[in-house]
Number of protein chains: 2
Amino acid sequence: MSAAGDCLPDEDGAACPLPATDHARVLLAHGGGGRLMQELIGRVFLPAFGNAQLAARTDSAVIAIGAQRIAFTTDSYVVRPLFFAGGDIGRLAVFGTVNDLAMCGARPKWISAGFIIEEGLELGVLQAVTESMRAAASACAVEVVTGDTKVVEHGRGDGLYLNTAGIGVVGHGLDIAPRAVRAGDVIVLSGDLGRHGIAVMASREGLRLETDLTSDLAALHEPVLDLLDAGIEIHCLRDLTRGGLSAALHEIADAAGVGIDVEETAIPVHPDVAAACELLGLDPMQVACEGRFIAFVPASDLPRALQLLRGHPVGRAAAAVGSVSRRGASGVTLVTATGVRRALDLPSGELLPRIC
Amino acid sequence: MSAAGDCLPDEDGAACPLPATDHARVLLAHGGGGRLMQELIGRVFLPAFGNAQLAARTDSAVIAIGAQRIAFTTDSYVVRPLFFAGGDIGRLAVFGTVNDLAMCGARPKWISAGFIIEEGLELGVLQAVTESMRAAASACAVEVVTGDTKVVEHGRGDGLYLNTAGIGVVGHGLDIAPRAVRAGDVIVLSGDLGRHGIAVMASREGLRLETDLTSDLAALHEPVLDLLDAGIEIHCLRDLTRGGLSAALHEIADAAGVGIDVEETAIPVHPDVAAACELLGLDPMQVACEGRFIAFVPASDLPRALQLLRGHPVGRAAAAVGSVSRRGASGVTLVTATGVRRALDLPSGELLPRIC
């Protein structure tokens, strides 16, 4: 395996092929939301599809159709097992896409549902997942308006993979994206970290985590739309899925070209999550949530933002956890309980595979 | 296994569960575009998600956003092998979604790309597929604006599954859907049948079909937009993917509540497709295309429609192949070379699994 930098023009003098990463094959870790996934996106997908939408590195693309702006996003779901404490793949697929739309400040409206079913899946399981999607969509006032079904042979899937794409309507005039982040912005975290990842792990056979913890899986559009309705000048939003808070902060710091400081003591973590992370050798900052987000807002908007978020069940533990220190530098610094400053690690790959 | 009609309320008097089909597990055939897939949609998905969009049984949902109408669609792609004569999964995923948008008369504009990668896939393969998507999108003037990457363990996938969702802009004022089909409408077929299915089969190891046939895979939006620009009053459009011409005609006849007659001798089939079908025991009418469609138009528009279609490389062999006989009856009748009328079979399941 050679580094991309070793590439030399071939005998015909043709340009080098697209630079490969240091791994000639895709690893599980390439799907983990960490450094390897960023490399894959940066080296394979962005060079091919490069456009302003993708370059913005937001959870959804924001598109103008005449005078109207819409948000458009997609996610596939490969969570294992299909049913876990606090949710299932159907609810996850609806809320996950609703949340990606919400992270652009859009009101989620329409979603698609693509099923890749492994031959032999019990119809009862498919019906239960479908019913869960229906209930989740209904709770968010979104409609499943188009879909597709594929079936693959036994041994070529894992029961069920789902894809949802979504369209939302953007009713605000803000630019909610990493590029809008400013020095002095305060970072608000909507709740405690890591319940989703730990709840899914605890639902796996063979792993005996003693906890009653359930996933934080929840739809996040209502608190976000509340902030916007109240005139909070949101600069950036990100839900804390694969790679957790750590990956989200790193992505935004990199894309915005800013430095970020976060206060370790301000970040809520449930004792069961902390204990499970201790046991599994994980950092709660890197564990996926499916019902938590961060918002970058001007310091002057902080008190109102916290008050509004705490009025929602999903935002009751909202807290200011950090700030944007400066432009022109990138990097995330963790300030520990003892006041020590250290670089916050970006997860390399997937610590908890197939968590979403 | 009991038929759905056998369901009785349980002891608590609660309603019956969602009716199961006659098969308690999902079969490969449920993904085949035939009767079993229609049952799955009708018994599982429509009852859960039922809304006007899904009920219209079109390839895309058509949504009003203010004064603008947009089309929205999704498809997953599980074709095996990933590269086949005349195309690959990336080109298929872009053109397939472009075509679903075109079948509502929309101009395709933006697509999403969801990758489900099996651990161990060569990065070179992923790059080749991505490059193929880029080229296909560029050829259709669509942008890949949002995406997602998941990786599953070796043995839980098959190299690569793709999902694309798409958004198109509807510039016409017609209602292009089965419900718009009228008695007396003529059915125009854009070209010969079955090349895609046979080309994919011929690309599989172990199957030695002696043919140089390549897939008919092509983007269809340009001929469709040409028809609309010329003022052709299109009542319904359908591309001939899984289940081929037969499934498309049956779906439209059922949804529209009309009878359809098709002339066997008017339907072009390449000799190599006919020979391969003979060998494999297939009916060319049921074999998937990825670059063919049917249009239902008033008889008065037929000459212009044929002329316009034949001006496009993908429509050079366009022909009138049938007509809508009456409302209030459903069913598709094939009129053979000898004048015999017989019911056209709807494929039950998947004769050629994982063709798209």
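Rules used in this analysis
Residues numbered from 1 in each chain as written. Chains lettered and ligands numbered in written order. Predicted model: local features only at pLDDT ≥ 70, side-chain atom pairs only at ≥ 80, totals over all residues. Helix = DSSP H or I, 4+ residues; strand = E, 2+ residues; numbered from the N terminus. Rg over C-alpha atoms; globule rule 2.2 N^0.38 Å. Contact = placed C-beta atoms within 7 Å. Domains from an automatic or database assignment. Pairing = 2+ DSSP bridges. Axes fitted to C-alpha atoms, helices over the stretch in contact; angles between N-to-C directions. Least-squares fit on C-alpha atoms with pLDDT ≥ 70 in both. Left-handed = near helix turned anticlockwise from the far one by under 90°. Nonpolar A, V, L, I, M, F, W, Y, C, P; charged D, E, K, R; others polar. Core = buried A, V, L, I, M, F, W, Y, C linked by C-beta atoms within 7 Å. Buried ≥ 20, exposed ≤ 12 C-beta atoms within 10 Å, placed from the backbone. Expected span 1.5 Å × (residues − 1).

Let us look at the overall build of chain A. The number of helices and strands found in chain A is 9 helices and 14 strands. The C-alpha radius of gyration of chain A comes to 20 Å, within 12% of the 21 Å expected for a compact globule of 356 residues. Its C-alpha atoms give chain A principal-axis dimensions of roughly 60 × 55 × 55 Å. Put simply, of all contacts in chain A between residues at least 6 apart along the chain, 82% involve residues at least 24 apart.

Right, let's get into the domain arrangement of chain A. Residues and elements named next belong to chain A. The domains assigned to chain A are domain 1 (1–7 + 15–50), domain 2 (59–170) and domain 3 (178–343). On a C-alpha basis, the centres of domain 2 and domain 3 stand 23 Å from each other. Taken together, the contact pairs 21 residues of domain 2 with 22 residues of domain 3. Elements represented by at least two residues in the side of domain 2 that touches domain 3 include exactly α3 (89–102) and β5 (106–118). A total of 8 residues in the side of domain 2 that touches domain 3 trace back to one element, the largest contributor, which is α3.

Another aspect to go through is the sheet that holds strand β7 (residues 160–170) of chain A. Residues and elements named next belong to chain A. Spatially, 5 strands are ordered β1-β2-β7-β5-β6 in an open sheet, and the strand pairing comes out mixed. Bordering the open sheet on either side are β1 (61–65) and β6 (143–152), each of which pairs with just one other strand. With strand direction ignored, the average angle separating the axes of adjacent strands in the sheet is 20°. As defined by bridge partners, β1 adjoins strand β2 (residues 68–77) across 5 bridges and the pair is classed as antiparallel. Its bridge partner being in β2, Ile65 is matched across the sheet by Gln68. The strands touched by α3 within the sheet are β2, β5 and β7, with β7 carrying the most contacts at an inclination of about 30°.

Once that is clear, we can look at the relation of the copies chain A and chain B. Applying a rotation about an axis and a shift along it to one chain copy brings it onto the other copy. Superposition record for chain A on chain B: RMSD 0.0 Å, screw rotation 180°, translation along axis 0.0 Å. On this basis, the relationship between the two copies can be described by a two-fold rotation axis. In this assembly the copies share their binding face: 99% of the residues contributing to the interface of chain A also contribute to that of chain B.

Quick look at the packing of α3 of chain A against helix α4 (residues 123–139) of chain A now. Two quantities define a packed helix pair, namely the angle between the axes and the distance from one axis to the other. Residue and element names in this part refer to chain A. Between α3 and α4, whose axes approach to 7 Å, the crossing angle comes to 30°. Like other packed secondary-structure pairs, α3 and α4 cross with a definite hand, here right-handed. Residues Ile89, Gly90, Arg91, Ala93, Val94 and Phe95 of α3 form the contact with α4, whose participating residues are Val129, Thr130, Ser132, Met133, Ala136 and Ala137. Split by residue class, the contact of α3 with α4 holds 8 nonpolar, 3 polar and 1 charged.

For the rest of this paragraph, the subject is the nonpolar core. Of all hydrophobic cores here, the largest spans 238 residues; its most connected members are Leu160, Val188 and Ala295 of chain A together with Ala71, Leu160, Val188 and Ala295 of chain B. When sequence neighbours within four positions are dropped, the list of residues in contact with Ala295 of chain B reads Val188, Leu227, Ile234, Leu237 and Ala305 of chain B.

In this assembly, 70 residues from chain A lie in contact with 69 residues from chain B. Elements supplying a minimum of two residues to the side of chain A that touches chain B: α1 (35–49), α2 (52–55), β1, β2, β5, α4, β6 and β7 of chain A. Ranked by residue count, the leading element in the side of chain A that touches chain B is β6 of chain A, at 10 residues. Looking at the side of chain A that touches chain B residue by residue, the class counts come to 34 nonpolar, 23 polar and 13 charged.

So, on to the sheet that holds strand β6 (residues 143–152) of chain B. All names here are of chain B. The sheet built from 5 strands is open, its strands ordered β1-β2-β7-β5-β6 with mixed pairing. Bordering the open sheet on either side are β1 (61–65) and β6, each of which pairs with just one other strand. Taking the axes of each pair of neighbouring strands and ignoring which way they run, one obtains an average angle of 20° across the sheet.

Time to look at unusual backbone geometry. A cis geometry characterises the amide bond from Arg80 of chain A onward to Pro81 of chain A, with omega recorded as 0°. On the secondary structure map, Pro81 of chain A appears in the loop between β2 and β3 (83–84). Residues other than glycine seldom take positive phi values, yet Arg57 of chain B does so here, at roughly 50°. Within the secondary structure layout, Arg57 of chain B lies in the loop between α2 (52–55) and β1. Given 18 C-beta atoms within 10 Å, Arg57 of chain B falls into the partly exposed group.

Residues and elements named next belong to chain B. Relative to the helices and strands, Gly244 is located in helix α7 (residues 244–256). Classification of Gly244 by C-beta neighbours within 10 Å gives buried; the count is 28. A C-alpha to C-alpha distance of 25 Å links Gly244 and Asp158, two positions 86 residues apart in sequence.

What follows deals with the environment of Arg156 of chain A. As for its position among the elements, Arg156 of chain A is in the loop between β6 and β7. For Arg156 of chain A, a count of 20 C-beta atoms within 10 Å translates into the label buried. Measuring from C-alpha to C-alpha, the distance between Arg156 of chain A and Glu119 of chain A comes to 8.7 Å, with 37 residues separating the pair along the chain. Residue contacts for Arg156 of chain A: discarding those within four places in its chain leaves Glu118 of chain A together with Gly157 and Asp158 of chain B.

Now for the pairing of strand β13 (residues 331–335) of chain A. All names here are of chain A. Where burial is concerned, the two faces of β13 differ: the one with Val332 and Leu334 is buried and the one with Gly331, Thr333 and Val335 is not. Two elements, strand β10 (residues 258–263) and β13, share 5 bridges in a ladder whose sense is parallel. Note that in β13 the partner of Asp261 across the bridge is Thr333. Sheet analysis places β13 next to strand β14 (residues 341–343), joined by 3 bridges and oriented antiparallel. Within β14, the position partnered with Val335 by the bridge is Arg341. Hairpin connection between β13 and β14: a loop of 5 residues separates the two successive antiparallel strands, and Gly339 in this loop has a positive phi of roughly 85°.

Moving on, we come to the pairing of β7 of chain A. Residue and element names in this part refer to chain A. Within β7, 10 of the 11 residues are buried, which leaves the element mostly enclosed by the surrounding structure. Examined bridge by bridge, β2 and β7 share 9 bridges and lie antiparallel to one another. Directly across from Asp75, in β7, lies its bridge partner Thr164.

Once that is clear, we can look at helix α5 (residues 195–202) of chain B. Three- or four-residue spacings in an α-helix give side chains the same orientation, since the helix completes a turn every 3.6 residues. Residues and elements named next belong to chain B. Within α5, 8 of the 8 residues are buried, which leaves the element mostly enclosed by the surrounding structure. Residues of α5 that are buried: Arg195, His196, Gly197, Ile198, Ala199, Val200, Met201 and Ala202. Of the surrounding secondary structure, the elements contacted by the buried residues of α5 are β3 (83–84) and α8 (271–280).

This paragraph deals with α7 of chain B. Residue and element names in this part refer to chain B. With 13 residues, α7 extends 18 Å between its outermost C-alpha atoms, agreeing within 8% with the 18 Å of an ideal straight helix rising 1.5 Å per residue. Counting buried residues along α7, 10 of its 13 residues qualify, which places the element largely inside the surrounding structure. The inward-facing, buried residues of α7 abut β9 (236–239), β10 (258–263), β11 (293–297) and β13 (331–335). Residue Gly257 follows α7 closely and has a positive phi angle near 65°.

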